[in-house]
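Listed below, chain by chain, are the residues.
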Amino acid sequence: MRGRTKTDWWGVALDAPDGLALARFYADLLGWPIAEQDGDEAAIAVPGTSSYLAFKTEPLYVPPAWPAAGGHQQMMMHLDIAVDDLAGAVADAIELGAILHEHQPQDDVRVMLDPAGHPFCLYLDPDPS
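These notes cover the structure that comes with them. (Residues numbered from 1 in each chain as written. Predicted model: local features only at pLDDT ≥ 70, side-chain atom pairs only at ≥ 80, totals over all residues. Heavy atoms only, no water.)

Once that is clear, we can look at the sheet that holds strand E7 (residues 109-113). Taking strand neighbours across the sheet as the criterion, the 4 strands line up as E5-E8-E7-E6 in an open arrangement whose pairing is mixed. Sheet topology places strand E5 (79-83) and strand E6 (99-100) at the edges, where each strand pairs with a single neighbour. Pairing of E5 with strand E8 (residues 119-124) involves 5 bridges; the strand directions are parallel. Residue Asp-80 lies in a different strand from E8, and its bridge partner there is Cys-121. Contacting E5, E6, E7 and E8, helix H2 (residues 86-96) crosses the sheet at an angle of about 155° to E8. (Pairing = 2+ DSSP bridges. Helix = DSSP H or I, 4+ residues; strand = E, 2+ residues; numbered from the N terminus. Contact = heavy atoms within 4.5 Å. Axes fitted to C-alpha atoms, helices over the stretch in contact; angles between N-to-C directions.)

Now the structure itself:
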């Protein structure tokens, strides 16, 4: 694509009431470093890649409803995170401030809510080698 930089940086940005706090949550959850911080916003780098997750402070942020419900903010995306110990990963996420969602549609996946209310899934990796 014309205009791309030599670093090839690309990423996804999530809004939250406190972008820096959510960046710290995901940095701790995933073990990835905070690569950039500007006031109350930050980005964590995916190690060994040119990818990042950014977290932007949005005072008018409204958490999405999941499963979808008419008349409520819809989920537009979620993060899927492979794990080899589902119970252990859930416990770690809860310790960091996540909530286990009451609706769990699959046996090998746990739907969690991060501290800002974004759904994310922890799923058993069928081949963790």
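The tendency in soluble globular proteins is for nonpolar side chains to be buried side by side. Core analysis: the biggest nonpolar cluster contains 26 residues, and Tyr-26, Phe-55, Phe-120 and Leu-122 have the highest contact counts within it. Going through the elements one at a time, strand E1 (10-16), helix H1 (19-30), strand E3 (41-45), strand E4 (51-57), E5, H2 and E8 are the ones with two or more residues in this core. Sort the elements by how many residues they give to this core and H1 lands first, with 7 residues. (Core = buried A, V, L, I, M, F, W, Y, C linked by side-chain atoms within 4.5 Å. Buried < 20%, exposed > 50% of the residue type's maximum accessible area, 1.4 Å probe, protein only.)

All told, the structure shown has 4 aromatic pairs when counted by the stated rule. On the basis of an interplanar angle of 80° and a centroid distance of 4.9 Å, the ring pair of Phe-25 and Tyr-26 is categorised as edge-to-face. (Phe/Tyr/Trp six-rings, centres within 6.5 Å; stacked < 30°, edge-to-face > 60°.)

Strand order in the open sheet formed by 4 strands is E1-E4-E3-E2, with mixed pairing between adjacent strands. This sheet does not close on itself; its edge strands, each paired only once, are E1 and strand E2 (34-38). For this sheet, the mean inter-axis angle between neighbouring strands, taken without regard to orientation, is 15°. One ladder, built from 4 bridges, connects E3 with E4; its direction is antiparallel. When the sheet's bridge partners are listed, Ile-44 is paired in E4 with Leu-53. Against the sheet, H1 engages E1, E2, E3 and E4, with an angle of about 145° to E4.

Bringing the pattern of salt bridges into the picture now. Scanning the entire structure with this criterion turns up 1 salt bridge. Note that Lys-56 and Glu-41 form a salt bridge whose closest N and O atoms lie 3.9 Å from each other. One end of the pair, Lys-56, is in strand E4; the other, Glu-41, is in strand E3, and 15 residues separate them in sequence. Using a relative accessible area of 35% as the deciding quantity, one classes Lys-56 as partly exposed. Residue class for Glu-41 comes out partly exposed when judged on its relative accessible area of 25%. (Salt bridge = Lys/Arg side-chain N within 4 Å of Asp/Glu carboxyl O.)

Residues Asp-18, Glu-36, Asp-38 and Asp-40 make up a contiguous surface patch of negative charge. In this structure, Asp-40 sits in the loop between E2 and E3. Judged by relative accessible area, Asp-40 falls into the partly exposed class, the value being 39%. (Patch = residues over 30% accessible without salt bridge, like charges linked within 9 Å, V, L, I, M, F, W, Y side chains within 5 Å. Areas by Shrake-Rupley, 256 points an atom, 1.4 Å probe, with all protein chains shown as cover. Lys, Arg positive; Asp, Glu negative; His and termini not counted. Charge placed at Lys NZ, Arg CZ, Asp CG, Glu CD.)

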